[in-house]
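# Observations on the three-dimensional arrangement
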Amino acid sequence: MTSVRTAVPDSPARLRSSLTIDVCGVTLTGDLFTPLPPDGLVIFALASSGGRYDAGNVLAARRFNDAGLGTVLLDLLTPAEDLERAPAHDIELMATRLAAADQWLRRRHWSAATPIGWCGTGSGAAAALWAAGEPGADVAAIVSVNGQVALAPERLRAVRAPTLLVAGVSDTQLLDANRVAQRRLRCPVLLDVIASARPLDDPSERHLATDLALRWLRHRLSSAER
């Protein structure tokens with residue numbers, strides 16, 4: 001069972017709320033910020049208990065908001081699980097939680113007809129791909145930035161949502177894994193390689209990755225059936 005407690009809208013045209021989501025015996029937290037009505041909603045799949053506070057994630061979400069998209073910064077792990085570290089590689093666990101949160105959002109009156117996309121980095125991106133490969137998943141679009149896509153190999157062929165893979169040329173091992181994933185995916189897929197000697201978590205490269213993700217999601221969510 002999933003329950004969420006939210007704050008009231010901060011204005012008639014904008015909704016801000018802190019989400020407390022009870023899923024499968026644990027409590028997850030997230031932050032939602034969205035214009036009303038949004039052109040689409042993007043769930044940031046964060047493989048931690050405090051990713052919603054990360055300055056880079058907050059900045060990316062605000063840029064999405066400025067473009068007319070709602071965002072949910074969703075922490076897929078609890079503080080206790082973060083200390084254990086092992087759950088960060090339990091992709092199926094995080095995928096189940098992401099799917100449950102997605103279904104709750106779809107039942108909200110303001111988002112019932114709003115197309116939803118998922119965006120993740122690292123193992124959070126792997127969780128998004130895993131969840132998208134489950135039967136009945138109807139996510140409109142996915143973005144994986146520096147995703148640990150090798151952690152979800154058995155689900156890739158079942159993904160149907162248009163998927164953008166973003167990887168940096170400086171991390172050859174991760175880039176190779178994304179190239180393998182691109183060949184396995186049967187959905188519309190694009191691999192965007194950022195040609196920089198700096199890693200993608202560098203602020204300048206993260207800015208570029210956000211631009212690529214925003215462009216992909218705006219296009220795909222605007223063309224999704226409502």
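These numbers come from a predicted model, not from an experiment.

With that settled, the discussion passes to the nonpolar core. Residues Ile43, Val72, Leu74, Leu98, Leu105, Trp118 and Ile142 are the most contacted members of the largest nonpolar core, which totals 44 residues. Contributions of two or more residues to this core are made by β1 (14-23), β3 (40-46), β4 (69-75), α3 (91-106), β5 (116-121), α4 (122-132), β7 (163-168) and α5 (172-184). Ranked by the residues each element gives to this core, the list is headed by α3, at eight residues. Non-local contacts of Val72, meaning those with residues more than four positions away in its chain, are made with Leu19, Asp31, Leu32, Leu41, Val42, Ile43, Phe44 and Leu105.

Once that is clear, we can look at the pairing of strand β8 (residues 189-194). Bridge analysis of β7 against β8 gives six bridges, and the strand direction is parallel. Across the sheet, Gly168 pairs through a bridge with Ile194, a residue of β8. Between the parallel pair β7 and β8, the chain is carried across by α5, and the sense of this crossover is right-handed.

Attention now moves to the pattern of salt bridges. Inspection of every chain in the model, using the stated rule, returns nine salt bridges. Arg97 serves as the salt-bridge partner of Glu81, at 2.8 Å between the closest nitrogen and oxygen. Residue Glu81 is located in helix α2 (residues 79-84), and its partner Arg97 is located in helix α3; the two are separated by 16 residues in the primary sequence. Judged by relative accessible area, which is 13%, Glu81 ranks as buried. Between Arg106 and Asp102 there is a salt bridge, with the nearest N and O atoms lying 2.4 Å from each other. Here the residue Arg106 and the residue Asp102 both occupy positions in helix α3, the gap between them amounting to four residues, near one helical turn.

In this section: the sheet that holds β3. In spatial order, the strands read β1-β2-β4-β3-β5-β6-β7-β8; together these eight strands make up an open sheet with mixed pairing. This sheet does not close on itself; its edge strands, each paired only once, are β1 and β8. Each strand axis lies, on average, 15° off the axis of its neighbour in the sheet, ignoring direction. Here β5 runs beside strand β6 (residues 141-147); their pairing, made up of five bridges, is parallel. Bridging across to β6, Thr121 finds its partner in Val145.

Moving on to the packing of aromatic side chains. The relation between two aromatic rings is expressed through the spacing of the ring centres and the mutual angle of the planes. With the rule as written, the count across this model stands at one aromatic pair. One Lys or Arg, Arg62, reaches over the ring of Phe33 and ends 4.5 Å from the middle of that ring. Across from the ring centre of Trp216, 4.5 Å away, lies the NZ or CZ of Arg220, which sits over that ring.

Let us look at unusual backbone geometry. Residue Pro37 is reached from Leu36 by a cis peptide bond, and omega for that bond is -5°. Tracing the chain through its elements places Pro37 in the loop between β2 (26-35) and β3. Phi at Asn146 is positive, roughly 55°, even though this residue is not glycine.

Note that Ser144 resides in strand β6. Those residues in contact with Ser144 that sit more than four places away from it in its chain are Gly120, Ala125, Val149, Leu164, Leu165, Val166 and Asn178.

Following both chains from N to C, one finds α3 and α4 inclined at 65°, their axes separated by 8 Å at the closest point. Taken together, the axes of α3 and α4 lie roughly perpendicular to each other. With respect to the hand of their crossing, α3 and α4 are arranged in right-handed fashion. Seen from α3, the contacting residues are Ile91, Glu92, Met94, Ala95 and Leu98; seen from α4, they are Ser123, Ala126, Ala127, Ala128, Trp130 and Ala131. Along the lines of polarity and charge, the residues of the contact of α3 with α4 split into nine nonpolar, one polar and one charged.

The next subject is a positive patch on the surface. Together, Arg157, Arg160, Arg183, Arg184 and Arg186 give the surface a local cluster of positive charge. Turning to its location among the elements, Arg184 is positioned in helix α5. Note on Arg184: relative accessible area 32%, which makes it partly exposed.

Rules and cut-offs
Residues numbered from 1 in each chain as written. Predicted model: local features only at pLDDT ≥ 70, side-chain atom pairs only at ≥ 80, totals over all residues. Heavy atoms only, no water. Core = buried A, V, L, I, M, F, W, Y, C linked by side-chain atoms within 4.5 Å. Buried < 20%, exposed > 50% of the residue type's maximum accessible area, 1.4 Å probe, protein only. Helix = DSSP H or I, 4+ residues; strand = E, 2+ residues; numbered from the N terminus. Contact = heavy atoms within 4.5 Å. Pairing = 2+ DSSP bridges. Right-handed = clockwise from strand over helix to strand, strands pointing away. Salt bridge = Lys/Arg side-chain N within 4 Å of Asp/Glu carboxyl O. Axes fitted to C-alpha atoms, helices over the stretch in contact; angles between N-to-C directions. Phe/Tyr/Trp six-rings, centres within 6.5 Å; stacked < 30°, edge-to-face > 60°. Lys NZ or Arg CZ within 6 Å of the ring centre and 35° of its normal. Parallel < 35°, antiparallel > 145°, perpendicular 65-115°, else oblique. Left-handed = near helix turned anticlockwise from the far one by under 90°. Nonpolar A, V, L, I, M, F, W, Y, C, P; charged D, E, K, R; others polar. Patch = residues over 30% accessible without salt bridge, like charges linked within 9 Å, V, L, I, M, F, W, Y side chains within 5 Å. Areas by Shrake-Rupley, 256 points an atom, 1.4 Å probe, with all protein chains shown as cover. Lys, Arg positive; Asp, Glu negative; His and termini not counted. Charge placed at Lys NZ, Arg CZ, Asp CG, Glu CD.

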